[in-house]
Amino acid sequence: MAEEQKAKGVNRRTFLQLVASIPAVGALAAFAAPLLRYLKPNLEPGLGVPQGKVPPDLAEGDLPKGEPLPIARLEELAEPWSSKFFVFTQKYPQYTPEQAKAATVPGVAIRLPWKVRFPGYKEGKEPTDIVVFSRICPHLGCIFNYVPDWREITAGYGGYVPPPERRHGLLGCPCHLSIYDPADREVPGRVLSGPAPRPPRYFVYEVRNGVIVVTAVEPGGIA
Ligand code: FES
């Protein structure tokens, strides 16, 4: 009899311990579930596509795309250092299989007084005197300006004084004062000063019937 009562006591104690541990188990599960969800990949390996979705046509590459955008007639940029601002809408097939996500990228086209090999024009194989850059700063994504008068760069962008051969239109970012030379003969958009890690991204463009048409923007970066 005593044995039976003792066994009952043990069972009740075990039961109470179990009941008492339920909140702790629940709390642990609540903590672990998002962690496990975080660790579980939700993209198809190698494709960057949410599971269960049809991948984009990878044969076309993963270049951000947009509708070709006429931005200026050639005569609008007849003068050296003349410029034209525009906004391009691009889509990211590599991130959104439905290609629905669009971003707007402000850009600027500039006529140079000399020709350079610009990667956005015939892949840099033919020299051109028109360069077209994204205005999204490669440093931290601010929108930078085209400043035709270099003195304004010196006055308003941290006191940078370009050497004599670069005293012309420059690109200046107001956020952390990166300065770029759109007309550098070897690397159009070369960083002259400030923290930017690279030149601004280029637009791919072509000239159709005397009109400059941008068709894509260099992939990557903050946009
Ligand atoms: S965002 Fe342009 S210099 Fe920092």
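Every chain's residues receive numbers from 1 upward, in the order its sequence appears when written. Two thresholds apply to this predicted model, a pLDDT of at least 70 for residue-level local features and 80 or more for giving and counting side-chain atom pairs, whereas whole-chain, interface and lining totals are computed over all residues. To obtain the side-chain values, all non-hydrogen atoms of the structure were used and water was disregarded.

### A closer look at the overall build of the protein
Here's step 1: The helix count covers DSSP runs of H or I at least four residues long, the strand count covers runs of E at least two residues long, and both are numbered beginning at the N terminus. Within the protein, the secondary structure is distributed over 2 helices and 10 strands.
Here's step 2: For the protein, the N- to C-terminal ordering of α and β elements is α-β-β-β-β-β-α-β-β-β-β-β.
Here's step 3: In this analysis, two residues are considered to be in contact whenever any of their non-hydrogen atoms come within 4.5 Å of each other. Sequence-distant contacts in the protein: of pairs separated by 6 or more residues, those separated by 24 or more amount to 50%.
Here's step 4: Each accessible area value is a Shrake-Rupley result obtained with a 1.4 Å probe; residue values ignore everything except the protein chains displayed when judging cover. Just so you have it, the protein exposes about 13100 Å², and 58% of that area is on carbon and sulfur atoms.

### So, the sheet that holds strand E7 (residues 179–181)
Here's step 1: Two strands are counted as paired when DSSP detects at least two bridges linking them. Across the sheet, which stays open at both edges, the 4 strands sit in the order E5-E6-E7-E8 with antiparallel pairing between neighbours. Only two strands of the sheet have a single neighbouring strand rather than two, namely strand E5 (145–147) and strand E8 (190–193). Neighbour-to-neighbour, the strand axes of the sheet open up by a mean angle of 35°, direction not taken into account.
Here's step 2: Relative to strand E6 (residues 170–172), E5 is paired through 3 bridges, and the arrangement is antiparallel. Paired with Tyr146 across the two strands is Leu171, which belongs to E6. Fitted lines through C-alpha atoms serve as axes, helices being fitted only where they are in contact, and the angles separating the N-to-C directions of these axes extend from 0 to 180 degrees.

### Some thoughts on the state of the cysteines
Here's step 1: Throughout, a disulfide means two cysteine sulfur atoms within 2.5 Å of one another. The full count for this structure, using the stated rule, is 1 disulfide.
Here's step 2: The partner cysteine of Cys142 in its disulfide is Cys175, sulfur to sulfur 1.9 Å. Of note, the bridge from Cys142 to Cys175 carries an S-S torsion of about -90° and is left-handed in sense. In this pair, Cys142 is assigned in the loop between strand E4 (128–134) and E5 and Cys175 in the loop between E6 and E7, connecting sequence segments 33 residues apart.
Here's step 3: By relative accessible area, which is 36% here, Cys175 ends up partly exposed. Only protein chains enter the area calculation, which uses a 1.4 Å probe; residues under 20% of their type maximum are buried, those over 50% are exposed, and those in between are partly exposed.

### Let's talk about the pairing of strand E9 (residues 203–208)
Here's step 1: Two elements, E9 and strand E10 (residues 211–217), share 6 bridges in a ladder whose sense is antiparallel. Its bridge partner being in E10, Tyr205 is matched across the sheet by Val214.
Here's step 2: Between the end of E9 and the start of E10, which pair antiparallel, lie 2 residues, with Asn209 showing a positive phi angle near 50°.

### Considerations on the packing of aromatic side chains
Here's step 1: Aromatic rings from Phe, Tyr and Trp, with only the six-membered ring used for Trp, were paired whenever their centres fell within 6.5 Å, and each pair was classed as stacked if the ring planes differed by under 30 degrees, edge-to-face if by over 60, and tilted otherwise. Under the counting rule described, the total for this entry stands at 8 aromatic pairs.
Here's step 2: Centroid distance Trp81 to Trp114: 6.0 Å. Interplanar angle 85°. Geometry classified as edge-to-face. Taken together, the positions of Trp81 in the loop between strand E1 (69–73) and strand E2 (83–91) and Trp114 in strand E3 (residues 102–116) put the pair 33 residues apart, joining distant regions of the chain.
Here's step 3: Taking 6.4 Å as the distance between ring centres and 35° as the angle between the ring planes, the aromatic pair formed by Phe118 and Tyr205 counts as tilted. You can see Phe118 sitting in the loop between E3 and E4 and its partner Tyr205 sitting in strand E9, a full 87 residues away along the chain.
Here's step 4: One aromatic cluster is present, built from ring pairs that chain together Phe118, Tyr121, Phe133, Tyr202 and Tyr205.
Here's step 5: Taking NZ or CZ as reference, Arg167 lies 4.9 Å from the ring centre of Trp150, over its face. A positively charged side chain is recorded as over a ring if its NZ (Lys) or CZ (Arg) lies within 6 Å of the ring centre. The angle to the ring normal must also be within 35 degrees.

### Considering the environment of Val116
Here's step 1: Topologically, Val116 is positioned in strand E3.
Here's step 2: Expressed as a C-alpha distance, the spacing of Val116 and Pro188, which sit 72 residues apart in the sequence, is 7.3 Å.
Here's step 3: Setting aside residues up to four positions removed in sequence, Val116 forms contacts with Glu126, Pro127, Thr128, Val131, Ala183, Asp184, Arg185 and Pro188.

### A closer look at the confidence of the model for the protein
Here's step 1: The pLDDT score gives, residue by residue, the confidence of the prediction method on a 0 to 100 scale. For the protein, per-residue confidence averages 81 on the pLDDT scale, and residues scoring 70 or more make up 65% of the total.
Here's step 2: In this model, residues 38–63 is a region of pLDDT below 50 whose contacts with residues beyond four sequence positions or in other chains number 30 contacts.

### Side note on the side chain of Asp129
Here's step 1: Along the chain, Asp129 turns up in strand E4.
Here's step 2: Non-local contacts of Asp129, meaning those with residues more than four positions away in its chain, are made with Ile110, Arg111, Leu112, Trp114 and Lys115.

### Considering the pattern of salt bridges
Here's step 1: Counted as salt bridges are all cases of a side-chain nitrogen of Lys or Arg within 4 Å of a carboxyl oxygen of Asp or Glu. Throughout the structure, instances matching the rule amount to 12 salt bridges.
Here's step 2: Two residues, Glu76 and Arg73, come together in a salt bridge whose shortest N-O distance is 3.9 Å.
Here's step 3: On the basis of relative accessible area, Glu76 is assigned to the partly exposed category, the value being 32%.
Here's step 4: Its relative accessible area of 44% is what places Arg73 among the partly exposed residues.

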